[in-house]
Amino acid sequence: SEKAEGLALLVIKGEDIVFEKYHNGHSAEKPQHLYSGTKSFTGLMYCAAQAEGLVKLDDKVKDLLPELHLWSEDTTLTIKHLLSLTSGYPPAPLRVAWDGMREKQWVKNKTAIALSRKPKMAPGERYRYGCTNFLLLGEIIKRKTKEDPLVYLEKKVLQPIGFRYAGWIRDPKGNPMFSFGCWTTAREWAKFGMLVRDDGLYKGKRIIPKGLIQKCLEGSSVMPAYGFTFWLNKKVPPKYQQDLIPKLQGPAKRGAVLYHRGPSDLVAAAGYNGNRCYAIPSMSLVIVRLGTNAWKFSDEKLLSLLLDD
């Protein structure tokens, strides 16, 4: 990890830290930008919303966002399609994502751009990775709760497990970026991983009802390796491998996308530059890795060193 320009490596077995090391000038107290590792917080936000009866996976998005363009008038687009990134909407323009990284943003209202997008295909037809779905998912929570969706996430998921973040990118309009916005430390991200690993329990306390997180860890027919905002260690048929992010297209040819010899219940919140939060329920493991280089890091190499006998 260190040679691949990593910053942190943390391994938790049960509730105990069994390995923790920081390198290349990093420290336990220093936060790192998770980039797309942020996306998986959205899945748990929707688990909380389901538990409260605010939404159901089969809710029609048109009823929640009436101004949204549909593939056709008789199309049934659901929250499930948004969470699994099979909605049919194209990724937001690159300027939306990259602009969010700028100190002074040019795109004032990124949610408005997402609401104006037109689908390129029918829901459920293909998987498409990108920001659009996450902007729409944030807007749904905002309208259902009448409050800032990040505040809702904090109250229902983050604060109950004592999770702290150092910063969260918003656009100039104030919309939180659920696609790439979170900055936090390895230890804090590990708390999130423990909640996922233990199906809604955190150190014996029930935070999310049993079974809801498990639904987030089921792939779709068009992308078996992606659940509701989480990467899954599953095989992907050749005809869908082109839809994977480039980093996982090579491993997909050898088998399961994260690690071909890894457990089937291995899942990950994954971000640019090799930022990873892995959870393996069958081994009671959470592994957090923070980094600064997108191409030197390999999921397969790290996981083989950690998991193989």
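Residues numbered from 1 in each chain as written. Predicted model: local features only at pLDDT ≥ 70, side-chain atom pairs only at ≥ 80, totals over all residues. Heavy atoms only, no water.

K.L.:
I would appreciate a short explanation of the overall build of the protein chain in the present structure.
P.N.:
Across its full length, the protein chain holds 12 helices and 11 strands. For a compact globule of 309 residues, the expected C-alpha radius of gyration is about 19 Å, and the protein chain comes in at 18 Å, within 12% of that figure. Expressed along its principal axes, the backbone C-alpha trace of the protein chain runs to roughly 55 × 40 × 40 Å. Burial statistics for the protein chain: of 309 residues in total, 59% are counted as buried. For the protein chain, contacts bridging at least 24 residues in sequence account for 63% of all contacts bridging at least 6. As displayed, the protein chain has an accessible area near 13,300 Å², and 51% of this comes from carbon and sulfur atoms. One finds the centroid of the 47 positive side-chain charges in the protein chain at a distance of 3 Å from the centroid of its 31 negative side-chain charges. (Helix = DSSP H or I, 4+ residues; strand = E, 2+ residues; numbered from the N terminus. Rg over C-alpha atoms; globule rule 2.2 N^0.38 Å. Buried < 20%, exposed > 50% of the residue type's maximum accessible area, 1.4 Å probe, protein only. Contact = heavy atoms within 4.5 Å. Areas by Shrake-Rupley, 256 points an atom, 1.4 Å probe, with all protein chains shown as cover. Lys, Arg positive; Asp, Glu negative; His and termini not counted. Charge placed at Lys NZ, Arg CZ, Asp CG, Glu CD.)

K.L.:
Mind showing me how you'd approach helix 7 (residues 149-158) here?
P.N.:
Because the α-helix completes a turn every 3.6 residues, residues three or four places apart line up on one side. In terms of burial, helix 7 is a largely internal element, 7 of the 10 residues being buried. Three or more residues of helix 7 are buried, namely Pro149, Leu150, Tyr152, Leu153, Glu154, Val157 and Leu158. The backbone nitrogen of Leu150 has a side-chain oxygen 2.7 Å away, supplied by the residue at the start of helix 7, namely Asp148. (Polar contact = N/O pair within 3.5 Å; in protein donor to acceptor, adjacent residues only side chain to side chain.)

K.L.:
Teacher, can you tell me more about the sheet that holds strand 11 (residues 285-291) here?
P.N.:
Two modes of strand pairing occur in sheets, parallel and antiparallel, and in both the strands are linked by backbone hydrogen bonds. The 6 strands are arranged 2-1-11-10-9-8 in an open sheet whose pairing can be described as antiparallel. Each edge of the open sheet carries a strand with a single partner, namely strand 2 (16-22) and strand 8 (231-232). Direction of pairing for strand 8 relative to strand 9 (residues 267-271): antiparallel, over a ladder of 2 bridges. Each residue of the ladder has a partner; that of Trp231, found in strand 9, is Ala268. This element, helix 12 (residues 299-307), spans strand 1 (6-13), strand 10 (275-280) and strand 11 of the sheet and lies at about 40° to strand 10. (Pairing = 2+ DSSP bridges. Axes fitted to C-alpha atoms, helices over the stretch in contact; angles between N-to-C directions.)

K.L.:
Would you explain the sheet that holds strand 3 (residues 32-33) in this entry?
P.N.:
Across the sheet, 3 strands lie side by side as 3-5-4; this open sheet has antiparallel pairing. Bordering the open sheet on either side are strand 3 and strand 4 (167-168), each of which pairs with just one other strand. Strand direction decides the pairing type here: strand 4 and strand 5 (residues 182-184), joined by 2 bridges, are antiparallel. The residue of strand 5 that forms the bridge with Gly167 is Trp183.

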